[in-house]
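Descriptive analysis of the structure
Here are the chains, one letter per residue:
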Amino acid sequence: MIPYDTYFGYKHRYEDSYAGLPVIEVVPEEDEEIPDPASVAVRISAEMDDYDVDEAFDALLKRVDTAKVPALVIGEWEDCYGTSSEHLVGLLVDNAARFPGLRSLFLGALSSDQAEISWITQSDVTPLLEAFPRLERLEVRGGTGLELRPVRHESLRMLRFETGGLPAEVVRAIGACELPALEHLELWLGVEDYGGNATVADLAPILSGERLPALRHLGLQDSEIQDEIAAAVAAAPVVARLESLALSMGMLTDAGAEALLGGQPLTHLHTLDLHHHFLTDAMVARVTEALPGVEVDLSKQEEAEEDEGEVWRYVAVSE
């Protein structure tokens, strides 16, 4: 498995490290050179009062030997909750030949104090996969305006979408992609109020695993329909080959956990991530006892709230 950063929520901006490399930011106003770009992840970001993303990208091209850059972290571009990432994606695509060593890319590395996750306006990220055939890791934060078309990519090993609402069209496109090398797939599905309208039926091609022969980690997380997803996962063919499974950050209740325990064996898993859940103490104990050899994360046990007779549950990340 590729090492990856772990954290709860989305406050981590990869300020310190990304893809196992220290992060160095290129600031247009500074003249400091990056002596060994092959050993770092390079970050660029617009600073509205000082410089825009074009100036930041131009500084990257002028001051860094981009042929050696293995990882890029992209922060702000203009007004991220009013301007889409299309222009920035275009800059990367137009200059793809100057980044032959690029293997890891994070698009939208903003913390919530810069822009709430569902305020980040993305665009069609398919051109990134088409322009960088050797890319091994693509991560995108923000689901508003996000688009993806089915593609075949021979090298991609990790694909992550962090959103407060992942459009169903994107989920279906992922299921239709041919990704023979993909080991790690992580989807924050989010809530319908912020565009997260995917159904279990939309996830069916992913759960079959037919186009994902190398998959070892699957994360279907942060969902309002976490119980339905858990029930579908309980019978999903892809699970038998997984090493780790994440159904965390969503509205998982005893019903979903019961479906998991009543489905196919999960004892082959190394880890099962269920953190941020609504399980009762009794069900927490049952899950733990049923999977003695599995590292099960049942932290962040939440309690449903009642208001005028209605029961309210919530996902970890929405707005």
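Scroll up to find the structure this text is about.
Given the structure is predicted, the values throughout are model-derived calculations rather than measurements.

**A short note on the overall build of the protein chain**
Broken down by element type, the protein chain carries 8 helices and 14 strands. In terms of overall dimensions, the protein chain is globule-like: its C-alpha atoms have a radius of gyration of 20 Å, near the 20 Å expected for 319 residues. Over its C-alpha atoms, taken along the principal directions, the protein chain stretches across nearly 60 × 45 × 30 Å. Excluding contacts between residues fewer than 6 apart, the proportion of contacts in the protein chain whose partners are at least 24 apart in sequence is 72%. Of the side-chain charges in the protein chain, 22 are positive and 60 negative, and the distance between the mean point of each set is 9 Å.

**Side note on the packing of helix H1 (residues 53-63) against helix H2 (residues 86-94)**
At a minimum axis separation of 11 Å, H1 and H2 run at an interaxial angle of 15°. Regarding the angle of H1 to H2, the classification is roughly parallel. In the packing of H1 onto H2, the handedness of the crossing is right-handed. Facing Val-53, Asp-54 and Phe-57 of H1, the residues of H2 in contact are His-87, Leu-88, Leu-91 and Leu-92. A per-class count over the contact of H1 with H2 returns 5 nonpolar, 1 polar and 1 charged.

**Some remarks on the nonpolar core**
One finds Leu-185, Leu-218 and Leu-220 to be the most contacted residues of the largest nonpolar core, which totals 87 residues. For this core, the element with the highest residue contribution is H1, accounting for 6 residues. Residues in contact with Leu-220, not counting those within four places in the same chain, are Leu-187, Leu-189, Leu-203, Leu-207, Gln-226, Ile-229, Val-233, Ala-246 and Leu-247. Of all hydrophobic cores here, the second largest spans 9 residues; its members include Tyr-14, Leu-21, Val-73 and Ala-109.

**Concerning the pattern of salt bridges**
Tallied over the entire structure, the rule returns 17 salt bridges. Close ionic contact of Lys-62 with Asp-58 constitutes a salt bridge, the shortest N to O distance being 3.1 Å. Separated by 4 residues within a single helix, Lys-62 and Asp-58 lie in helix H1, roughly one turn from each other. Of the charged contacts, one joins Arg-286 and Glu-258 as a salt bridge, the two residues approaching to 2.7 Å between their closest N and O atoms.

**Quick look at the packing of helix H5 (residues 200-208) against helix H6 (residues 226-233)**
H6 packs onto H5 with a crossing angle of 35° between their chain directions and a minimal axis gap of 11 Å. As H5 runs across H6, the sense of the crossing is right-handed. In this structure, H5 contributes Val-200, Leu-203 and Leu-207 to the contact, and H6 contributes Glu-228, Ile-229, Ala-232 and Val-233.

**With respect to the packing of aromatic side chains**
Tallied over the full model, the rule gives 3 aromatic pairs. On the numbers, 6.4 Å between centres and 40° between planes, the contact of Phe-57 with Phe-99 is tilted. Placement of the pair is Phe-57 in helix H1 and Phe-99 in the loop between H2 and strand E5 (104-107), with a sequence separation of 42 residues. The exposure class assigned to Phe-57 is buried, which follows from its relative accessible area of 3%. The exposure class assigned to Phe-99 is buried, which follows from its relative accessible area of 1%.

**Some words on the environment of Val-294**
Mapped onto the elements of the fold, Val-294 is located in the loop between helix H8 (281-290) and strand E12 (295-297). Sequence separation between Val-294 and Ser-244 is 50 residues; the distance between their C-alpha atoms is 9.4 Å.

**A short note on unusual backbone geometry**
A positive phi is found at His-276, a non-glycine position, where the angle reads about 60°. Tracing the chain through its elements places His-276 in the loop between strand E11 (271-273) and H8. Relative accessible area serves as the criterion here: at 3%, His-276 is assigned to the buried category. Non-glycine residue Lys-300 carries a positive phi angle of around 55°. The exposure class of Lys-300 is partly exposed, given its relative accessible area of 40%.

**Re the sheet that holds strand E8 (residues 184-190)**
Spatial ordering of the open sheet is given by E1-E2-E3-E4-E5-E6-E7-E8-E9-E10-E11-E12, a layout of 12 strands whose pairing is mixed. Since the sheet does not close on itself, it has two edges, and those belong to strand E1 (17-18) and E12, each with one partner. Bridge analysis of strand E10 (residues 244-246) against E11 gives 3 bridges, and the strand direction is parallel. Pairing of Ala-246 across the sheet is with Asp-273, part of E11. Those strands touched by H5 are E8 and strand E9 (217-223), and its axis lies near 160° from that of E9.

**Points about H1**
Here H1 has its buried residues at Val-53, Ala-56, Phe-57, Ala-59, Leu-60, Leu-61 and Arg-63. Taken together, the buried residues of H1 touch strand E3 (41-44), strand E4 (71-74) and H2. The distance from a side-chain oxygen at the start of H1 to the backbone nitrogen of Asp-54 is 3.1 Å, and the residue carrying that oxygen is Asp-52.

**Structural notes on the pairing of E9**
Most of E9 is tucked away, with 7 of its 7 residues classed as buried. Judged from the 6 bridges that link them, E8 and E9 form a sheet pairing that is parallel. Across the sheet, His-184 pairs through a bridge with His-217, a residue of E9. Taking the sense of rotation as the criterion, the β-α-β connection linking E8, H5 and E9 turns out right-handed. Where the polypeptide runs from E9 across H6 and back to E10, its parallel neighbour, the crossover connection is right-handed.

Reading the values: rules and limits
Residues numbered from 1 in each chain as written. Predicted model: local features only at pLDDT ≥ 70, side-chain atom pairs only at ≥ 80, totals over all residues. Heavy atoms only, no water. Helix = DSSP H or I, 4+ residues; strand = E, 2+ residues; numbered from the N terminus. Rg over C-alpha atoms; globule rule 2.2 N^0.38 Å. Contact = heavy atoms within 4.5 Å. Lys, Arg positive; Asp, Glu negative; His and termini not counted. Charge placed at Lys NZ, Arg CZ, Asp CG, Glu CD. Axes fitted to C-alpha atoms, helices over the stretch in contact; angles between N-to-C directions. Parallel < 35°, antiparallel > 145°, perpendicular 65-115°, else oblique. Left-handed = near helix turned anticlockwise from the far one by under 90°. Nonpolar A, V, L, I, M, F, W, Y, C, P; charged D, E, K, R; others polar. Core = buried A, V, L, I, M, F, W, Y, C linked by side-chain atoms within 4.5 Å. Buried < 20%, exposed > 50% of the residue type's maximum accessible area, 1.4 Å probe, protein only. Salt bridge = Lys/Arg side-chain N within 4 Å of Asp/Glu carboxyl O. Phe/Tyr/Trp six-rings, centres within 6.5 Å; stacked < 30°, edge-to-face > 60°. Pairing = 2+ DSSP bridges. Polar contact = N/O pair within 3.5 Å; in protein donor to acceptor, adjacent residues only side chain to side chain. Right-handed = clockwise from strand over helix to strand, strands pointing away.

Distances and angles like these do not, on their own, reveal function.
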